[in-house]
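These are the residues of each chain, in order.
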Amino acid sequence: MAVCKALCWTLLVAFLAKGCYSQLNVCGQAALNSKIVGGQDAPVGGWPWQASLQRSAFHFCGGSLINNQWVLTAAHCFSSTDLSKLQVILGANSLDRPNQNQVSSSVAKIICNPNYNDSTSDNDMCLLKLSSPVTFTNYIQPVCLAAPGSTYNAGIVSWVTGWGTINSDVNLPSPRNLQEVDVPIVGNRQCNCNYGVGSITDNMLCAGLKAGGKDSCQGDSGGPLVSKQDGRWIQSGVVSFGKGCALAKFPGVYARVSKYQTWINSIITSSQPGFVTFSSSGTDSDLSTNCTGLPPVPTTVSPTPKPVVCGSASLNSRIGGGSSEASAGTWPWMASIQQNGTHVCGGTLVAENFVMSDAGCFSSQPKASGWMVVLGSLKQNGTNPFEVTLNVTNITMSNLTGNNMALLQLGTKPTLSNYIQPICLDTSNTTVTLGSTCWVAGWGAGQGVSLQELQTSVVDCGNASTADSICTGAVTLQKGDEGGPLMCKQNNAWFQVAVLTLTSNSNSSTNSSSSSNKTLSDLAKGSSPMVFSKVSRYGTFIRATVGGLLSPASTSSPVAATTVNGASPAQASFSSLLLLSLNGVLLFLK
């Protein structure tokens, strides 16, 4: 680490947490770190994600802890993937004076980005799986990772940490304490002008002073470049390469973390890292940078955004009966509502930033804190390459007699795709007629790890019939299915007509010990229909909370969605719904 200022000591701090917890609940938190620009001694507990990679007790690269068993580092650190004598040290401050807070772990697996190019240093990123999970402590915590769409305008203050040399070929003196330095982001256009046009790709990020004097250096490779936003530290880059160390006009170059969420999540399939969008305000001064050979900033007319529509499921070909495990993208509005990484209830995406569920799911914890929504998921465990986890910022529940619904507001809007789409709401009370074929889906406790689906049909409610009721053939529901949808197709769009509830009138199996092994696909015995409250019953509440409803696409329209102020002709109400808002010249490697 090369700096022209007093170099600082660091230690690590955050909250005690279990490794199975959602990483968004714990990542990026260093309570005793109050870094400000200008440099000062780091408080104890400053960088609890910092890792030292060692072979035969010799430090050769840095890294960052991103969940309880995975460390992010640089691909160029591993010309060999030999696991022998390879150790990862966490919780350390001084390399020469081990402390009681640090742990050492062997490495079970090295997975480097398959597109890494050692001649250009593009895609310089690697993941290390520790041989066993580590326990989070005040000195060992994961860092948050920059999500796709993060923006880093020139000048954004960032911090880089490591045990590398303090200048080219000048080793860090004993006791080799962890070093830190603040460096401003340098825009990619300026960085390309400095290093030679074409040498800095969109997968890279640069940081450093124009005059030099502050930089990462040899031995810092693989370590984190982080910035703070809303009280969380978010890793934007992985130390990759540079010309010399801290030279004027040659900032350090880092692998841009926000480009790799899909790749990282395809490898880490449980306790996935917490990805957070880092946003820069104002205009990026780098856009005005020009030099010989640098293409001009394209002046494009922003296309009119496609309207967001509801009820579109391009990967759904359901036309027949039966029941089975759902396939990816079949029900793209399905949401797993979780606490501490554990599925509690089902739900559905009903607007760009709202999820609906059963109000009963939140009776014991009605506040948004601790709740997360997972979209694009198929299996509760295993690979979900299209999955995103979003914070819940507010929970609003209806207040009617009998069943009620909840709307969860999300902290950020998910990117819509074939695997994440909102469902239409049947608030007009006209979409479904007797005999209509409909489907239910959920992750009930007896259903293993995969999303289950079952076809049913609308039947006469008999004595239970009211204007606000809808009935189906008997289906066994289990704890964990509540909040999910009863959904029917109308004119090529899918509508939710009710929210699944576990009540006496819906033949819940949870009170029967003999049915503990039943799943959503089991048909209940007997002739009693399942009775649910229609979505249309909550139409006024939904519009007041969401601020408008989505309309289905026309037959020729692409998948998209527009919010309209009034009810769509095909939208109606549900019973017991909950809407959740969810809320990385001679060059050398460092």
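Residues numbered from 1 in each chain as written. Predicted model: local features only at pLDDT ≥ 70, side-chain atom pairs only at ≥ 80, totals over all residues. Heavy atoms only, no water.

Mind showing me how you'd approach the overall build of the chain here?
Within the chain one finds 3 helices and 33 strands. Carbon and sulfur atoms make up 50% of the accessible area of the chain, which totals about 23100 Å². (Helix = DSSP H or I, 4+ residues; strand = E, 2+ residues; numbered from the N terminus. Areas by Shrake-Rupley, 256 points an atom, 1.4 Å probe, with all protein chains shown as cover.)

So what exactly am I meant to see when it comes to the sheet that holds strand β1 (residues 50-55) here?
Sheets are built from strands paired through backbone hydrogen bonds, the pairs being either parallel or antiparallel. Reading around the barrel, the 6 strands line up as β1-β2-β3-β6-β5-β4 and close back on themselves, with antiparallel pairing between neighbours. Strand after strand, the sheet turns through a mean of 45 degrees between neighbouring axes, direction not considered. Across 4 bridges, the pairing between strand β4 (residues 86-90) and strand β5 (residues 103-112) is antiparallel. Within β5, the residue paired with Gln87 across the bridge is Ser106. (Pairing = 2+ DSSP bridges. Axes fitted to C-alpha atoms, helices over the stretch in contact; angles between N-to-C directions.)

How should helix α3 (residues 539-546) be read in this particular structure?
Given 3.6 residues per turn, any residue in an α-helix points the same way as the ones three and four places further on. Buried within α3 are the following residues: Gly539, Phe541, Ile542 and Val546. What you see down the axis of α3 is that its buried residues fit within an arc of 160 degrees, all on one side. Facing away from the buried side of α3 by over 90 degrees, the exposed positions are Thr540 and Ala544. Two residues or fewer past α3, Gly547 is found with a positive phi of approximately 90 degrees. (Buried < 20%, exposed > 50% of the residue type's maximum accessible area, 1.4 Å probe, protein only. Arc of directions from axis to C-beta.)

Is there a simple way to explain the packing of aromatic side chains in this structure?
As enumerated under the stated definition, the model contains 12 aromatic pairs in all. Here Tyr152 and Phe278 contribute two aromatic rings whose centre-to-centre distance is 4.5 Å and whose plane-to-plane angle is 5 degrees, an arrangement assigned as stacked. Of this pair, Tyr152 sits in the loop between β7 (144-146) and β8 (157-162) while Phe278 sits in the loop between β14 (275-276) and β15 (323-325), and the two are 126 residues apart along the sequence. Of the two residues examined, Tyr152 and Phe278, each falls in the buried class. The rings of Trp47, Trp49, Trp159 and Trp233 are connected pair by pair, giving a single aromatic cluster. (Phe/Tyr/Trp six-rings, centres within 6.5 Å; stacked < 30°, edge-to-face > 60°.)

How should the pairing of strand β9 (residues 179-186) be read in this particular structure?
In regular strands, side chains alternate between the two faces of the sheet. Counting buried positions along β9 yields 7 of 8 residues, so the element is predominantly enclosed. The pairing of β8 with β9 spans 6 bridges and is antiparallel. Counterpart to Val160 in the pairing with β9 is Val181. Sheet topology places β9 next to strand β10 (residues 204-207); 2 bridges connect them, and they run antiparallel. In the sheet register, Val186 faces β10, and the bridge partner there is Cys206.

Whenever I open this one, the state of the cysteines confuses me. Can you help?
Put plainly, a disulfide is one covalent bond tying together the sulfur atoms of two cysteines. With the rule as written, the count across this model stands at 9 disulfides. Across a sulfur-sulfur distance of 2.1 Å, Cys61 and Cys77 are joined as a disulfide pair. Its torsion about the S-S bond being -90 degrees, the disulfide of Cys61 and Cys77 is classed as left-handed. Of the two residues, Cys61 sits in strand β2 (residues 58-65) while Cys77 sits in the loop between β3 (70-73) and β4, which places them 16 residues apart along the sequence. Take Cys61: its relative accessible area is 3%, and that puts it in the buried class. The disulfide that involves Cys193 links it to Cys291, with 2.1 Å between the sulfurs. Handedness here is read from the sign of the S-S torsion; for Cys193 and Cys291, about -90 degrees, the answer is left-handed. Here Cys193 is found in helix α1 (residues 188-195), whereas its partner Cys291 is found in the loop between β14 and β15, with 98 residues between them in sequence. Residue classification places Cys193 among the partly exposed residues on the basis of a relative accessible area of 22%. Owing to a relative accessible area of 27%, Cys291 belongs among the partly exposed residues under this scheme. (Disulfide = S-S within 2.5 Å.)

Please explain the nonpolar core as it appears in this structure.
Across soluble globular proteins, you tend to see nonpolar side chains buried next to one another. Core analysis: the largest hydrophobic core is formed by 51 residues, its most contacted members being Ile66, Phe78, Val88, Met125, Leu127 and Ile264. Elements represented by at least two residues in this core include exactly β1, β2, β3, β4, β5, β6 (126-130), β12 (232-242) and α2 (261-267). (Core = buried A, V, L, I, M, F, W, Y, C linked by side-chain atoms within 4.5 Å.)

How should the pattern of salt bridges be read in this particular structure?
Between side chains of opposite charge, a pair can form as their charged atoms come close. Per the counting criterion, the structure on display carries 4 salt bridges. In this structure, the salt-bridge partner of Asp96 is Arg176, at a minimum N-O distance of 2.9 Å. Here Asp96, found in the loop between β4 and β5, pairs with Arg176, found in the loop between β8 and β9; they are 80 residues apart in sequence, far enough to count as distant. For Arg176, a relative accessible area of 25% corresponds to the partly exposed category. Its salt-bridge partner being Asp468, residue Arg537 comes within 4.0 Å of it at the nearest N-O pair. Separated by 69 residues along the polypeptide, Arg537 in the loop between β28 (530-535) and α3 and Asp468 in the loop between β24 (452-459) and β25 (469-472) bring together distant segments of the chain. By relative accessible area, Arg537 is classed as partly exposed at 22%. (Salt bridge = Lys/Arg side-chain N within 4 Å of Asp/Glu carboxyl O.)

Function-wise, these values are silent; they only describe arrangement.
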